[in-house]
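One-letter residues, chain by chain:
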Amino acid sequence: MLTNAPLLSLLIWVPIVGGALCLLTGGDDNASRARVLALIVSLVALALCVPLYLGFDMNTFKMQFSENIPWIARYGIYYHLGVDGISMPMIILSTFTTFVVVVAAWNAIKTNVSQYMAAFLIMQGMMIGVFASLDSILFYVFWEGMLIPMYLCIGMWGGANRTYASIKFFLYTFLGSALMLVAILYMRYHAGSFGILDFYHLKLSMSEQILIFIAFLFAFAVKVPMWPVHTWLPDAHTEAPAGGSVVLAALMLKMGIYGFLRFSMPIVPDACQHLVWLMIILSLIAIVYIAMVAIAQTDMKRLIAYSSIAHMGFATLGCFMIYLIIAKTGNHRDAYMSLEGSMMQMISHAFSTGGMFFSVGILYDRLHSRMIKDYGGVAHKMPIFAALFMLFAMSNVALPGTSGFVGEFMVVLSAFKASFWVTFFAATTLVLGAIYTLWMYKRVFYGPVASDGVANLRKMYPSEAIVLVLLGFIVIFFGVYPDALLNVFHASVGHLLKISLQTKLV
Amino acid sequence: MDNLIHNITLVIVFAPLVGALSTGLFCRKISKGLTFAITIGLMTLAFGLSVYLAKLVIFDGYTSNEIVYTWVKSGTFQFNVGFLVDKLTVLMLLTVNFVSLMVHVYSIGYMEGDKGIVRFFSYISGFTFAMLMLVTANNFFQLFFGWEGVGLVSYLLIGFWFNRPTANFGSLKAFVVNRVGDFGFILAIAAILNYFGTIDYAQVFALAPQMAANNVTMSIIGGTHSSVISVIGILLLIGAMGKSAQVPLHVWLPESMEGPTPISALIHAATMVTAGIFMICRMSPIIEYSQVTLSLILVIGATGALFTGLVGIVQHDIKRVVAYSTLSQLGYMMAALGASAYAAGMFHLMTHAAFKALLFLAAGSVIIAMHHEQDMRNMGGLRKYMPITYITFLIGALSLAAIPPFAGFFSKDAIIEAVKTATIAGSDYAYICVLIGSFVTATYIFRAFFLTFHGKERMSDKLKQQLHETKFVVTGPLMALAIPAIFLGMLIIKPILYPNGFSLLGKSIFVLPQHNVLASMGEEFHGVLAMVNHSVQTLPFWFAVSGIFVTWLCYNRFPELPAKIVKRFGIFYNILVMKYGFDDFNQIVIVRGGHRVAQWLYQVTDSEFIDDTFVNGSGRVVNAVSIAMRQLQSGYLYHYAFAMIVGLVAFLVWLIF
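### Re the overall build of chain A
Turning to step 1, where the next piece is worked out: When you go through chain A residue by residue, the secondary structure sums to 23 helices and 2 strands.
Turning to step 2, where the next piece is worked out: Considering only C-alpha atoms, chain A reaches an extent of 70 × 55 × 40 Å along its principal axes.
Turning to step 3, where the next piece is worked out: Per-residue burial for chain A yields a buried fraction of 67% across its 506 residues.
Turning to step 4, where the next piece is worked out: In chain A, the share of contacts with a sequence separation of at least 24, taken over all contacts with a separation of at least 6, comes to 82%.
Turning to step 5, where the next piece is worked out: Here chain A displays about 15800 Å² of accessible surface, and carbon together with sulfur accounts for 68% of that area.
Turning to step 6, where the next piece is worked out: Of the side-chain charges in chain A, 27 are positive and 21 negative, and the distance between the mean point of each set is 4 Å.

### A short note on the overall build of chain B
Turning to step 1, where the next piece is worked out: On a plain count of helices and strands, chain B comes out with 27 helices and 4 strands.
Turning to step 2, where the next piece is worked out: Expressed as lengths along the three principal axes of its C-alpha atoms, the size of chain B is roughly 120 × 65 × 60 Å.
Turning to step 3, where the next piece is worked out: Considering chain B as a whole, with its 657 residues, one finds that 59% of them fall into the buried category.
Turning to step 4, where the next piece is worked out: When contacts within chain B are restricted to residue pairs at least 6 apart in sequence, those whose partners lie at least 24 apart make up 79%.
Turning to step 5, where the next piece is worked out: On chain B, the mean spot of the 38 positive side-chain charges and the mean spot of the 30 negative ones are 8 Å from each other.

### Some details on a nonpolar patch on the surface
Residues and elements named next belong to chain B.
Turning to step 1, where the next piece is worked out: Taken together, the side chains of Ile-645, Leu-648, Val-649, Phe-651, Leu-652, Val-653, Trp-654, Leu-655, Ile-656 and Phe-657 define a hydrophobic patch exposed on the protein surface, amounting to about 1200 Å² of accessible area.
Turning to step 2, where the next piece is worked out: Note that Val-649 resides in helix H27 (residues 637-656).
Turning to step 3, where the next piece is worked out: You can call Val-649 partly exposed: its relative accessible area is 46%.

### Observations concerning the pattern of salt bridges
Turning to step 1, where the next piece is worked out: On inspection of all chains with the given rule, the structure shows 20 salt bridges over all chains.
Turning to step 2, where the next piece is worked out: With a shortest N-O distance of 2.9 Å, A:Asp84 and A:Arg262 are connected by a salt bridge. Note that A:Asp84 is positioned in the loop between strand S2 (77-83) and helix H3 (87-108) and A:Arg262 in helix H11 (residues 242-267), a separation of 178 residues in sequence.
Turning to step 3, where the next piece is worked out: A relative accessible area of 5% places A:Asp84 in the buried class.
Turning to step 4, where the next piece is worked out: Salt bridges linked by common partners bring A:Lys168, A:Asp235, A:Arg302 and B:Asp611 together as one network.

### With respect to the domain arrangement of chain B
Turning to step 1, where the next piece is worked out: According to the domain assignment, chain B consists of domain 1 (336-577) and domain 2 (601-656).
Turning to step 2, where the next piece is worked out: The straight-line distance from the C-alpha centre of domain 1 of chain B to that of domain 2 of chain B is 82 Å.

### A few points about helix H23 (residues 483-500) of chain A
All names here are of chain A.
Turning to step 1, where the next piece is worked out: Across its 18 residues, H23 extends 24 Å between first and last C-alpha, which sits within 8% of the 26 Å expected from 1.5 Å per residue.
Turning to step 2, where the next piece is worked out: If you look at H23, its biggest bend is around 40 degrees, right at His-490.
Turning to step 3, where the next piece is worked out: Taking burial as the measure, the 18 residues of H23 include 14 buried ones, the bulk of the element.

### Some thoughts on the packing of helix H18 (residues 403-418) of chain A against helix H19 (residues 420-427) of chain A
All names here are of chain A.
Turning to step 1, where the next piece is worked out: Direction vectors running N to C along H18 and H19 enclose 155 degrees, while the axes themselves pass 6 Å from each other. Between H18 and H19, the angle is such that the two are roughly antiparallel. Contact residues: H18 offers Val-412, Ala-415 and Phe-416, while H19 offers Phe-420, Val-422, Thr-423, Ala-426 and Ala-427.

### Details of empty space enclosed by the protein
Any empty space left between the atoms is revealed when a probe the size of a water molecule rolls over them.
Turning to step 1, where the next piece is worked out: For the structure shown, the criterion picks out 5 cavities of 30 Å³ or more.
Turning to step 2, where the next piece is worked out: Taken together, B:Ala401, B:Ala402, B:Phe409, B:Lys412, B:Asp413, B:Ile416, B:Ser438, B:Ser535, B:Thr538, B:Pro540, B:Phe541 and B:Ala544 form the lining of the largest cavity.
Turning to step 3, where the next piece is worked out: Those elements giving two or more residues to the lining of the largest cavity turn out to be helix H17 (407-421) and helix H23 (539-557) of chain B.
Turning to step 4, where the next piece is worked out: The greatest single-element share of the lining of the largest cavity, amounting to 4 residues, is contributed by H17(B).
Turning to step 5, where the next piece is worked out: In the lining of the largest cavity, the residues fall into 7 nonpolar, 3 polar and 2 charged.
Turning to step 6, where the next piece is worked out: Secondary-structure elements contributing two or more residues to the lining of the second largest cavity are H18, H19 and helix H20 (429-445) of chain A.

### Some remarks on the interface of chain B and chain A
Many descriptions give the size of an interface as the accessible area lost when the pieces come together.
Turning to step 1, where the next piece is worked out: On the side of chain A, 65 residues touch chain B, which itself brings 53 residues to the contact.
Turning to step 2, where the next piece is worked out: The tally of links from chain B across to chain A stands at 1 salt bridge.
Turning to step 3, where the next piece is worked out: Note that A:Lys168 and B:Asp611 form a salt bridge whose closest N and O atoms lie 2.8 Å from each other.
Turning to step 4, where the next piece is worked out: Of all the elements in the fold, those that place two or more residues in the side of chain B that touches chain A are strand S1 (64-74), strand S2 (77-85), helix H5 (140-158), helix H6 (165-196) and helix H26 (582-632) of chain B.

### Points about H6(B)
All names here are of chain B.
Turning to step 1, where the next piece is worked out: The end-to-end C-alpha distance of H6, which contains 32 residues, comes to 46 Å, matching closely the 46 Å that a straight helix rising 1.5 Å per residue would cover.
Turning to step 2, where the next piece is worked out: By the largest-angle criterion, Val-180 marks the main kink of H6, which is about 25 degrees.
Turning to step 3, where the next piece is worked out: Counting buried positions over the 32 residues of H6 gives 27, a clear majority of the element.
Turning to step 4, where the next piece is worked out: Phi for Gly-197, located one or two positions after H6, is positive at around 75 degrees.

### Considering the pairing of strand S1 (residues 64-72) of chain A
All names here are of chain A.
Turning to step 1, where the next piece is worked out: As defined by bridge partners, S1 adjoins S2 across 6 bridges and the pair is classed as antiparallel. By the bridge assignment for S2, Glu-67 is matched with Leu-81.
Turning to step 2, where the next piece is worked out: Between the end of S1 and the start of S2, which pair antiparallel, lie 4 residues, with Gly-76 showing a positive phi angle near 70 degrees.

### Side note on the environment of B:Ile108
Residue and element names in this part refer to chain B.
Turning to step 1, where the next piece is worked out: On the secondary structure map, Ile-108 appears in helix H3 (residues 87-110).
Turning to step 2, where the next piece is worked out: For Ile-108, a relative accessible area of 22% corresponds to the partly exposed category.
Turning to step 3, where the next piece is worked out: Note: C-alpha distance between Ile-108 and Phe-169 (61 residues apart in sequence) is 27 Å.
Turning to step 4, where the next piece is worked out: Among residues more than four places away in sequence, those in contact with Ile-108 are Phe-36, Ile-40, Phe-121 and Val-473.

### Observations regarding the packing of aromatic side chains
Turning to step 1, where the next piece is worked out: Scanning the model with the defined rule gives 82 aromatic pairs over all chains in all.
Turning to step 2, where the next piece is worked out: Relative to A:Phe420, the ring of A:Phe416 lies with its centre 5.7 Å away and its plane at 85 degrees, an arrangement referred to as edge-to-face. Both residues of the pair, A:Phe416 and A:Phe420, count as buried.
Turning to step 3, where the next piece is worked out: Ring centres of B:Tyr498 and B:Phe525 lie 4.7 Å apart, and the angle between their planes is 35 degrees; on these two criteria the pair is classed as tilted. Placement of the pair is B:Tyr498 in the loop between helix H20 (472-497) and helix H21 (517-524) and B:Phe525 in the loop between H21 and helix H22 (528-535), with a sequence separation of 27 residues.
Turning to step 4, where the next piece is worked out: Through pairs of rings, three or more aromatic residues link up here, namely A:Phe139, A:Trp143, A:Phe213, A:Phe216, A:Phe220, A:Phe260, A:Phe263, A:Phe320 and A:Tyr323.
Turning to step 5, where the next piece is worked out: One residue, A:Lys223, lies across the ring of A:Trp143, its end atom 4.5 Å from the ring centre.
Turning to step 6, where the next piece is worked out: Stacked on the ring of B:Tyr332, the Lys or Arg B:Lys412 has its end atom at 4.9 Å from the ring centre.

### A few points about the nonpolar core
Turning to step 1, where the next piece is worked out: Residues B:Phe79 and B:Phe140 are the most contacted members of the largest nonpolar core, which totals 450 residues.
Turning to step 2, where the next piece is worked out: Considering every element that reaches this core, the biggest residue donor is helix H15 (residues 342-369) of chain B, with 19 residues.
Turning to step 3, where the next piece is worked out: Of the domains in this structure, domain 1 (336-577) and domain 2 (601-656) of chain B are the two that each give at least three residues to this core.
Turning to step 4, where the next piece is worked out: Residues contacting B:Phe79, with those up to four places away along its chain left out, are A:Met337, A:Phe409, A:Leu413, B:Thr70, B:Trp71, B:Val72, B:Phe141, B:Leu193 and B:Ile199.

### Some details on the side chain of A:Ser42
Turning to step 1, where the next piece is worked out: Here A:Ser42 shows up in helix H2 (residues 31-54).
Turning to step 2, where the next piece is worked out: The contacts of A:Ser42, once residues within four sequence positions are left out, are A:Phe99, A:Val102 and A:Leu121.

Rules used throughout
- Residues numbered from 1 in each chain as written.
- Chains lettered and ligands numbered in written order.
- Predicted model: local features only at pLDDT ≥ 70, side-chain atom pairs only at ≥ 80, totals over all residues.
- Heavy atoms only, no water.
- Helix = DSSP H or I, 4+ residues; strand = E, 2+ residues; numbered from the N terminus.
- Buried < 20%, exposed > 50% of the residue type's maximum accessible area, 1.4 Å probe, protein only.
- Contact = heavy atoms within 4.5 Å.
- Areas by Shrake-Rupley, 256 points an atom, 1.4 Å probe, with all protein chains shown as cover.
- Lys, Arg positive; Asp, Glu negative; His and termini not counted.
- Charge placed at Lys NZ, Arg CZ, Asp CG, Glu CD.
- Patch = residues over 30% accessible without salt bridge, like charges linked within 9 Å, V, L, I, M, F, W, Y side chains within 5 Å.
- Salt bridge = Lys/Arg side-chain N within 4 Å of Asp/Glu carboxyl O.
- Domains from an automatic or database assignment.
- Expected span 1.5 Å × (residues − 1).
- Bend = angle between axes of the 7 residues up to and from the residue.
- Axes fitted to C-alpha atoms, helices over the stretch in contact; angles between N-to-C directions.
- Parallel < 35°, antiparallel > 145°, perpendicular 65-115°, else oblique.
- 1 Å grid on protein atoms, 1.4 Å probe; cavity = no way out; pocket = protein on both sides within 12 Å on 5 of 7 lines; lining within 4 Å.
- Points joined across faces, edges and corners; volume = space filled by probe spheres on them.
- Nonpolar A, V, L, I, M, F, W, Y, C, P; charged D, E, K, R; others polar.
- Pairing = 2+ DSSP bridges.
- Phe/Tyr/Trp six-rings, centres within 6.5 Å; stacked < 30°, edge-to-face > 60°.
- Lys NZ or Arg CZ within 6 Å of the ring centre and 35° of its normal.
- Core = buried A, V, L, I, M, F, W, Y, C linked by side-chain atoms within 4.5 Å.

Structure, rendered in structure tokens:
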């Protein structure tokens, strides 16, 4: 029955239309109506993922669930959707994340509820659009469109310094993307089409490739974010409401990596090969330097934001390391684990960091402070919460058995094929990650009850508990059985490797 | 049979996990009695089955190496969860499950009245699960899983009383220092995967001889070539140094004493800290091919054996004495491995598990009786109040001091002899260390013994009236552990060290013929009785006896003597009290220095340089330029006319010239 339904379109437009309907429920007098509506919409989207997952053929790298109709026929722009093993998990991740954000907002958001819910539902539709687009202009529209709800989200429900953070976020990410548009138009001129898959066949000279690579790099590096264009993220994270931080960390950062996988690597492989050390060194700086910076943080959200950047360093490292590995061994199969590890890292990071941001949100709701020094002894008052936070913290320090371990383990192990020193610096995360995460945990949760505020901490609401337990469950599930997810990747990663390692020089 | 062994192992490993989860998840609903029943019931099951498994594997000679499920499959690599059950595994299963069971029972008494008691039981069962995963692993991934799992539970248990700042400091320190070791360990695994193409034990071990024969090298620093086997060996050693608390990564173990005493016995004496010893034994097919690694192991082990033992002499806290003793004994085990006497290392691991768990639990019994007073300066004369604790502590101490015929004598004597026989680089130095170490061992443990149980009763009168022997749940495990602490050595020395037909370790350990010191020692071995008789003619015996005599003089006969010695040898005393400055160095240079660097990176490079100068700076430039541009658009016609004329003139000038 559903096999012929335009599943991807539904996944994009149901949340967007649902978000618009949410807006129509009006002011906060009808807040509960907006909440229920948002919950229904996000559940419908989640339900739509079931046929998406079941109908997905893991044995092929070809685009599935394709929809292709002319959009602006005059310029050759198509409404072309489709997913492979790389984008499909990201789409499910997007629907899931939005669902938990809606649930978590149940008690946490008390003002402008309908707008809040609408922002996140519309953002969900846009993000799924980014992951499903196979037309570069369509991609670009969703890519930029997504910024608006996020901008509003930080600007309206954010902390004290929200205006600065939201403008910084918007300008930074918007400027980065402008160059990407130039690159797209340039490639359109040569390929005669805006289709992303058509770009893959484009022959380009080295200098063209390098320019295109750099244009994309600006767009994607800002999103990831990579050092040194990372400074918007700590500000955006700290000021955003908990839900905003979660979507930022769980999804928006991943778009940068997705961009590398979908655009940079298959379209300009020779430039990637040429500039591989630049990318490796930037990734290692993220892993080592950013982790050091995280140690110095006094604000919990800022600390987790820096930790996010460090973890994303593993994702970019895993992506670009394939070029080093191939240069050394010449065997495609040696590079699989690096790339799959990077994608695993990308997805698992959503759950552990998402869980930590929700948790900090829960504390912030009660004490209205993100400062580590205002806490202490929380474990006495909220033991279950402390246990769940410990689980996320352990995933953050890559403890085996949690999802956070899988990706880092795969990337570190592959790195040895590339270079001893890359492995060496990447593995420092084991120590540095433990220091900043557990030191924060110690100061916030352990010790005697630090203040009256902590002494009067209220237990978790059911909605908060549901969210954390759900995330915790997934963290353990993927930690114990990551093969369930990796199976989805195999075919597409194999294809991606093939085209990312073929020279495109004329 | 393979299947049967596999299934039994599954039950043994997962029984404690079931106990941990069922009590941990419902820790607020479940009663204390039910918690004890579930966890101890499942531990008894696990121990009972390990005994049965021992029969199958050790006596009937079966082994099993099976995969449970595939964890990750990517490209050509496949990482599994799977069990390797051979003799080495079974010995570890017996040791771990026995001590764990004893500690479970003991904890009923020790943790009585603590409101976190259910959580505590859940943790120790969870610890047992992780430890069992570690020892049953058939590949490096699962080894690492168990390795980190025990690290986590150790962290949680050291910080069990999270109200205490010292406990939180200790737990964080333990985790981070262990992570430094794990850093080396994961590099080792990566190197193994890279050069062997797999992280499955059986395949790696099969390839190792070839790798050594071909002398495969790698280049770490441009231009140099290092043997791959040695690099892997040294990286593995770094991993083992973290968990097994070898110098200089030993600093976390004394701090770990902030945890409840049963934990000190289980995790920080009998099982987790011996994981590194077990790991090196397991890796003997790799380590054997690297002379450098063996020498390093020998020297590091022997150094620890002597110098950490010396620190134990100046401690006042009864648990700290035993903790430093653990460091020293771990050094002995390491030294044995360095001398390629892996079997002696495993032997000492097992006897040590018995007598050290006994000593810790006996110390815990004293602590319960003293109402959680741990300073020996406030004890004394306890023997008449606590006869069972007194006798069992004495048994543990004699075993530790290697007095024949107690268990520790056989294993430690074998180690000292093996180090003496070994010929690799560093063995002379190592021999001196372990020999003097036997004097030191007897000194620190009997100092604690005399201070605690003999001499003047230095506690307050109020406490004195309340002193009495502890309950049976406490003394029961003490008596149960005293049995192996006496007899284990004489019973298994022959099959474990000098097997002739029936062997406890069999093929699970690999030794190159030219390193096989135990074989040559075996020629001198004529049975247990002869060994005991012969011991009175050996140096280690007289070193140990003189150690006991000296402490008797100092702490029983002439109690004013220690103060005089301290005064006379002030410098040495202070060096020992400062623990050679490791803690201060770490605290000042690494912790404070590291934090300074982090601060600087954040405030200067990240905030000022990147964010303020570049990011906000570019915003300011745009702002400034737009302000300047605004000046140009004044709206006055004569401004524009003037600009036009200037422009026209300039244009003409350019055209003409």
